[in-house]
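Below, each chain spelled out in residue letters.
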Amino acid sequence: HVIVMRTNADEDDVPDGTVVDCTSSENMSDMEPFILPSDIEGVGLTPLELPDGMANKLKSGERLLVQSHHINTTADPVLLNDRIELHIEDLEEIDTFVAPLAHTSTNLSIPPGEQSKEVTCIFEKDHTFLYLLGHMHEWGSSITVDYNKEDGTVDRIYEIPEWDVLYRDLPPINRYGEDSEYGTLEVKEGESFTTTCTWFNDTDENLGFPEEMCVATAMVYPATVAMVCDVD
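Parameters and conventions
- Residues numbered from 1 in each chain as written.
- Predicted model: local features only at pLDDT ≥ 70, side-chain atom pairs only at ≥ 80, totals over all residues.
- Heavy atoms only, no water.
- Helix = DSSP H or I, 4+ residues; strand = E, 2+ residues; numbered from the N terminus.
- Rg over C-alpha atoms; globule rule 2.2 N^0.38 Å.
- Buried < 20%, exposed > 50% of the residue type's maximum accessible area, 1.4 Å probe, protein only.
- Contact = heavy atoms within 4.5 Å.
- Lys, Arg positive; Asp, Glu negative; His and termini not counted.
- Charge placed at Lys NZ, Arg CZ, Asp CG, Glu CD.
- Core = buried A, V, L, I, M, F, W, Y, C linked by side-chain atoms within 4.5 Å.
- Disulfide = S-S within 2.5 Å.
- Pairing = 2+ DSSP bridges.

Quick look at the overall build of the protein chain
In terms of regular secondary structure, the protein chain is built from 1 helix and 16 strands. Relative to the globule expectation of 17 Å for 232 residues, the C-alpha radius of gyration of the protein chain, 18 Å, shows essentially globular dimensions. In terms of principal-axis extent, the alpha carbons of the protein chain reach across some 55 × 50 × 35 Å. When each of the 232 residues of the protein chain is scored for burial, the buried share is 40%. Taking the intrachain contacts of the protein chain between residues at least 6 apart in sequence as the baseline, contacts between residues at least 24 apart amount to 77%. Charged side chains of the protein chain number 12 positive and 48 negative; the gap between the two group centres comes to 5 Å.

Rendered as structure tokens:
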């Protein structure tokens, strides 16, 4: 997959145009999501189409990082070409800004066998969701997202009881809106999501981040900066 990220890496240490190995978690601490694609049109095409009047805000001078992940299933090197397209809108045409949201835990140590972990994150503001999806890697076996409401009730809003390895890059997505089968999803300040990930580690060693992940991610509004909740 190819994802566009914001980076707070110092320009003197990592100048523009630098190619960085992002296979370790150390480099990922300098990044936060900027754009999370919401659909797959075909091989290699992952667009994010926002409703009219909405846009993701990029500040003057802010730097972007293009993160590319590939799996070569052959025994030989392969030549690849990744491309991103960003479209600029006139500020006068924008009514609402949107931003990514990610609830996760990067403090993972998954021993051999079946293991589960819960990630609970509280919303600091009111948000309306455009879409929601879960993310794990090839050792994932199931994932759920529960919405803990202010009235004390809990709604299970996302569930994949049998995780498929293909979902690593093509996960099921809940899209929200008046015309959606899922309706609208509006959360209030103080409410929370609990994401529960279950894995089956068939190796002889503990799995850590980013070998394996547990993430609930979304695009929400109104918001101007990415909201990342990383739970130990």
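Section: the nonpolar core
Of all hydrophobic cores here, the largest spans 37 residues; its most connected members are Phe-129, Leu-132, Ile-157, Leu-185 and Phe-193. The set of elements that each furnish at least two residues to this core consists of strand S5 (96-104), strand S7 (113-122), strand S8 (127-135), strand S9 (140-148), strand S10 (154-160), strand S13 (192-201) and strand S15 (215-221). Once residues lying within four places of it in the same chain are set aside, the contact partners of Leu-185 are His-127, Thr-128, Phe-129, Tyr-147, Ile-157, Tyr-176 and Phe-193.

What to know about the state of the cysteines
According to the stated counting rule, one finds 2 disulfides in the structure shown. Disulfide pairing is shown between Cys-121 and Cys-229; the S-S distance is 2.1 Å. Taking the torsion about the sulfur-sulfur bond, which here is approximately -90°, the covalent link between Cys-121 and Cys-229 counts as left-handed. Taken as a pair, Cys-121 in strand S7 and Cys-229 in strand S16 (residues 227-230) lie far apart in primary sequence, 108 residues in all. The class of Cys-121 is buried, set by a relative accessible area of 1%. The exposure class assigned to Cys-229 is partly exposed, which follows from its relative accessible area of 23%. Across the disulfide from Cys-197 sits Cys-214; the S-S distance is 2.0 Å. One disulfide, between Cys-197 and Cys-214, carries an S-S torsion of 85° and so falls in the right-handed class. Note that Cys-197 is positioned in strand S13 and Cys-214 in the loop between strand S14 (207-208) and S15, a separation of 17 residues in sequence. Assessed through its relative accessible area of 0%, Cys-197 is described here as buried. Sequence-ordered numbering of the bonded cysteines in the protein chain yields a pairing of 1-4, 2-3.

A closer look at the pairing of S5
Across a regular strand the side chains alternate sides, sitting on one face of the sheet and then on the other. Within S5, 7 of the 9 residues are buried, which leaves the element mostly enclosed by the surrounding structure. Alignment of strand S3 (residues 54-56) against S5, held across 3 bridges, turns out to be parallel. Each residue of the ladder has a partner; that of Asn-56, found in S5, is Val-98. Bridging between S5 and S15 involves 6 bridges; their strand directions are antiparallel. If you follow Thr-104 over to S15, its bridge partner there is Val-215. Here 4 bridges tie S5 to S16, and the two strands are oriented parallel to one another. In the strand pairing of S16, His-103 is matched with Cys-229.

Note that every value here comes from positions in space, so none of it alone points to a role or purpose.
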